[in-house]
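# Structural overview
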Amino acid sequence: MGPRALIDPAALSHNLQRAREAAPGSRVVAVIKANAYGHGILWAARVLDQADAFGVARVEEGVQLRQAGVSREILVLEGVVDREELIAASTHGLQLAINNPWQLELLQRPGLPCPVVCWLKVDTGMHRLGFAPQAVAAVWRQLQDNPAVKGKVRLMTHLANGDDLRDDTSRRQIAAFRPLVERFGVESSIANSAGILGWPEARSDWIRPGIMLYGASPFIDGSAEADGLQPVMTLESRLIAVSHYHRGARIGYSGTWECPEPMRVGVVAIGYGDGYPRHAPSGTPVLLAGRRVPLIGRVSMDMISIDLRTRPQARIGDPVTLWGKGLPADEIARAAGTIAYELFCGVTSRVDFQEI
Ligand SMILES: *Cc1c(COP(=O)(O)O)cnc(C)c1O
């Protein structure tokens, strides 16, 4: 039996509730793009039945949800790239972010099966997608006058530095966005997880939690536990070898770690082929039968080595947790120079997902 990702529906529901408590009165677009950050999009959609809407990145993700029978509002955050996608979005009742003039032009052509709910994306400083604030009035009118657009055009924006509570960019972005919302008197959305938990001014009609739903912190140096979040995924494997090496023995590829004394070393069946980060350095903790021990040497494709000096009882078959309950994914991500988002999305199909 290889590595398993144990996924906890109660934790997912709890974290959604946490988002609601942080922004009472806001409706929730639960973001389940990228296979629900690696947790399983259909599983997440089923568990998050208290969400008001779902957010996905691409049309095909929305179509997948519809084909699985999901009838809730679905917002496609990237919008469409061609007419074919627009027709699919219209057919399946997907809502679209309108991010650029090309998408406006696609909407102008006649013959859509049904009108589409549109969210005009305002670029208040992220400089990735969206219209500059000065362009918004004209675009908003053009959309609102288009018979292919259903109902009132909503406004949205996205925070670029929400993860850094000492950075002033979020405040400036919100200040650029608010007057537009007031001017058009429409529903709006600003906050991702960082906005929901860290920037009260970012809470508006709709919030868009992603990473917090999965129980990781959206903040630089943040702690999910301090944010009241519970880990949804626990990545587990087992010890598959225990060996004794002499002082000076070098462990693994390139021999980057040297035994400082005669010692036992364990091998765990997890590697970058499963999505464990190859850049996790020696010293990165794992939980062996519930206690922390350090990884030593390079991460291989299928295996890692761990230092068993403090665990003389360790035996082949013992369970090992790589992240999740008892070992925050944020901590492992930080050690590996990345973010929990990437760890979750990177778990590969070789890992067996099981609901607990
Ligand atoms: C992914 C995404 C979110 C969710 O972000 P988190 O940081 O995971 O909460 C919200 N809004 C947009 C536009 C996104 O692309």
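See the structure printed just above.
Here goes a summary of the coordinates provided. Because the structure is predicted, anything quoted here is derived from the model rather than measured.

## A short note on the packing of aromatic side chains
In the structure shown here, the tally under the stated rule is five aromatic pairs. Centre to centre, the rings of Tyr37 and Tyr214 are 4.7 Å apart; their planes meet at 25°, and the pair counts as stacked. You can see Tyr37 sitting in helix α2 (residues 33–38) and its partner Tyr214 sitting in the loop between β9 (206–207) and β10 (233–245), a full 177 residues away along the chain. Summarising the burial analysis for this pair, Tyr37 and Tyr214 share the class buried. Centroid distance Trp119 to Trp206: 5.8 Å. Interplanar angle 80°. Geometry classified as edge-to-face. Taken together, the residues span a long stretch of sequence, with Trp119 in strand β6 (residues 118–121) and Trp206 in strand β9 at a distance of 87 residues. An identical accessibility class is assigned to Trp119 and Trp206; each is buried. Cluster of aromatic residues (ring-pair linked, three or more members): Tyr37, Tyr214 and Tyr341.

## Side note on the site of the ligand
Every residue near the ligand is listed here: Val31, Lys33, Tyr37, Leu77, His158, Asn192, Ser193, Arg208, Pro209, Gly210, Ile211 and Tyr341. Measuring from an oxygen atom of the ligand, one finds a side-chain N or O atom of Tyr37 at 2.5 Å. In the model, an oxygen atom of the ligand is placed 2.8 Å from a nitrogen or oxygen of the Ile211 main chain. Protein chains shield 92% of the accessible area of the ligand, which is 390 Å² for the free molecule.

## Let's talk about helix α7 (residues 136–144)
Structural remark: α-helix, 3.6 residues per turn; residues separated by three or four positions point the same way. By the burial criterion, the buried members of α7 are Val136, Ala137, Val139, Trp140 and Leu143. One side of α7 holds all its buried residues, which, seen down the axis, span an arc of 165°. Next to the buried residues of α7 lie β5 (95–98), α6 (101–108), β6, β7 (154–156) and α8 (169–184).

## With respect to the packing of α7 against α8
For the pair α7 and α8, interaxial distance at closest approach is 11 Å and the crossing angle is 40°. For the pair α7 and α8, the sense of crossing is right-handed. When α7 is examined against α8, the residues Val136, Ala137, Trp140 and Arg141 are found in contact with a partner set consisting of Leu180, Arg183 and Phe184. Looking at the contact of α7 with α8, its residues break down into five nonpolar, no polar and two charged.

Cut-off values and rules
- Residues numbered from 1 in each chain as written.
- Predicted model: local features only at pLDDT ≥ 70, side-chain atom pairs only at ≥ 80, totals over all residues.
- Heavy atoms only, no water.
- Phe/Tyr/Trp six-rings, centres within 6.5 Å; stacked < 30°, edge-to-face > 60°.
- Helix = DSSP H or I, 4+ residues; strand = E, 2+ residues; numbered from the N terminus.
- Buried < 20%, exposed > 50% of the residue type's maximum accessible area, 1.4 Å probe, protein only.
- Near = heavy atom within 4 Å.
- Polar contact = N/O pair within 3.5 Å; in protein donor to acceptor, adjacent residues only side chain to side chain.
- Areas by Shrake-Rupley, 256 points an atom, 1.4 Å probe, with all protein chains shown as cover.
- Arc of directions from axis to C-beta.
- Contact = heavy atoms within 4.5 Å.
- Axes fitted to C-alpha atoms, helices over the stretch in contact; angles between N-to-C directions.
- Left-handed = near helix turned anticlockwise from the far one by under 90°.
- Nonpolar A, V, L, I, M, F, W, Y, C, P; charged D, E, K, R; others polar.

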